[in-house]
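Observations on the three-dimensional arrangement
Here is how the chains run, residue by residue.
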Amino acid sequence: MQQTTNTILMVRPSSFRMNEQTAVNNYYQQELTNMLPAAVNAKAQQEFDAFVQELKAKGINVIVVNDTEKPNTPDALFPNNWVSFHENGDVAIYPMFAENRRLEKREDVLEVLEEKGFEISNVIDYSEAEEEGVFLEGTGSMILDRQNRKAYCALSPRADEELFIEFCEDFEFTPVIFTANQTVLGSREAIYHTNVMMCIAETFAIVCLNTIDDKKEKKNLLKHLKSDGKEVITISEKQVTQFAGNMLQVKGTSNEHYLVMSTSAYESLTQEQVKKIEKHNLIIHSSLKTIETCGGGSARCMMAEVFLPKL
């Protein structure tokens, strides 16, 4: 099993804005009141295109699908929440918290991958859980260690424990469950997605341990990472707000490994943290300021990894 892939799927936005339905529990989102909606979308498209160019320049295979004008899906550029692709040809479709995000799920996206020679043998769709008010937002809610068959999940309104365990049984992952909080206006609130406070690469993991208030849970998490031989690089809660946990390791030309992040994440890192990361792989960063401010998501959220077998 591979932990990193050379192929990622990305969705170019067509109606990007601050999604009022996700802002209720995503504390990173802000309205850009000094910009007209069309200007916000145009700026997000510019950031998206520059990011794709940056990745392609390093030999990463980026499959870009355009968002549709209708229905209106402001968060369509974060496809990793509704779909994940697996080495055995399985595809998982996930139940989404915000009603307007459920409209992002598109059959034609799977058809695009098949046209490009990827094999889809089985689609496991958990969407029905939405009717019960139960959610699990893909590789936003879960961090998959595909090599060691472990899945890490910080429980939140968008990550249901029972459904997470069901996913782990279906896909043969060992569940590692904890709660991660951040301080919002003086109180501890659940972090909406695990992938803003944690990233797992082949030989290391980046994690904000300060978000895990329960000592036993923290100890258990560290035990799993260390027993799998991962160097643990810790980040602060302040760095989490700069999206320093929202990173993804990918493969470029001739199997070169890169850790992909936004420029704000990169600039929040200390020299020592950068040095630790660069021991394992090179860094790619791109400015995603508008996307981060309005969308409350960053580089990792924009990339859905494709592990499907080639026909």
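Residues numbered from 1 in each chain as written. Predicted model: local features only at pLDDT ≥ 70, side-chain atom pairs only at ≥ 80, totals over all residues. Heavy atoms only, no water.

Read from one edge of the open sheet, three strands run 11-12-13, paired in mixed fashion. A single partner strand is all that each edge strand has here, and the edge strands are strand 11 (198–200) and strand 13 (231–234). Sheet twist, expressed as the average angle between the axes of neighbouring strands with direction ignored, equals 15 degrees. Bridge count for strand 12 (residues 204–207) against strand 13 is four bridges, and the pairing is parallel. Each residue of the ladder has a partner; that of Val207, found in strand 13, is Thr234. The strands touched by helix 8 (residues 271–280) within the sheet are strand 12 and strand 13, with strand 13 carrying the most contacts at an inclination of about 150 degrees. (Pairing = 2+ DSSP bridges. Helix = DSSP H or I, 4+ residues; strand = E, 2+ residues; numbered from the N terminus. Axes fitted to C-alpha atoms, helices over the stretch in contact; angles between N-to-C directions. Contact = heavy atoms within 4.5 Å.)

Moving on, we come to the confidence of the model for the protein. Considering every residue of the protein, the mean pLDDT works out to 92; 93% of them sit at 70 or more. Note on residues 21–29: pLDDT under 50 across the span, and 40 contacts to partners over four residues away in sequence or across chains. (pLDDT = per-residue confidence, 0-100.)

For the structure shown, the criterion picks out four cavities of 30 Å³ or more. Ile143, Leu144, Leu248, Arg300 and Glu305 are, among the 16 residues lining the largest cavity, the residues nearest its centre. Broken down by secondary-structure element, the contributors of at least two residues to the lining of the largest cavity are strand 6 (142–145), strand 11 and strand 14 (248–251). In terms of residue class, the lining of the largest cavity is made up of eight nonpolar, five polar and three charged. (1 Å grid on protein atoms, 1.4 Å probe; cavity = no way out; pocket = protein on both sides within 12 Å on 5 of 7 lines; lining within 4 Å. Points joined across faces, edges and corners; volume = space filled by probe spheres on them. Nonpolar A, V, L, I, M, F, W, Y, C, P; charged D, E, K, R; others polar.)

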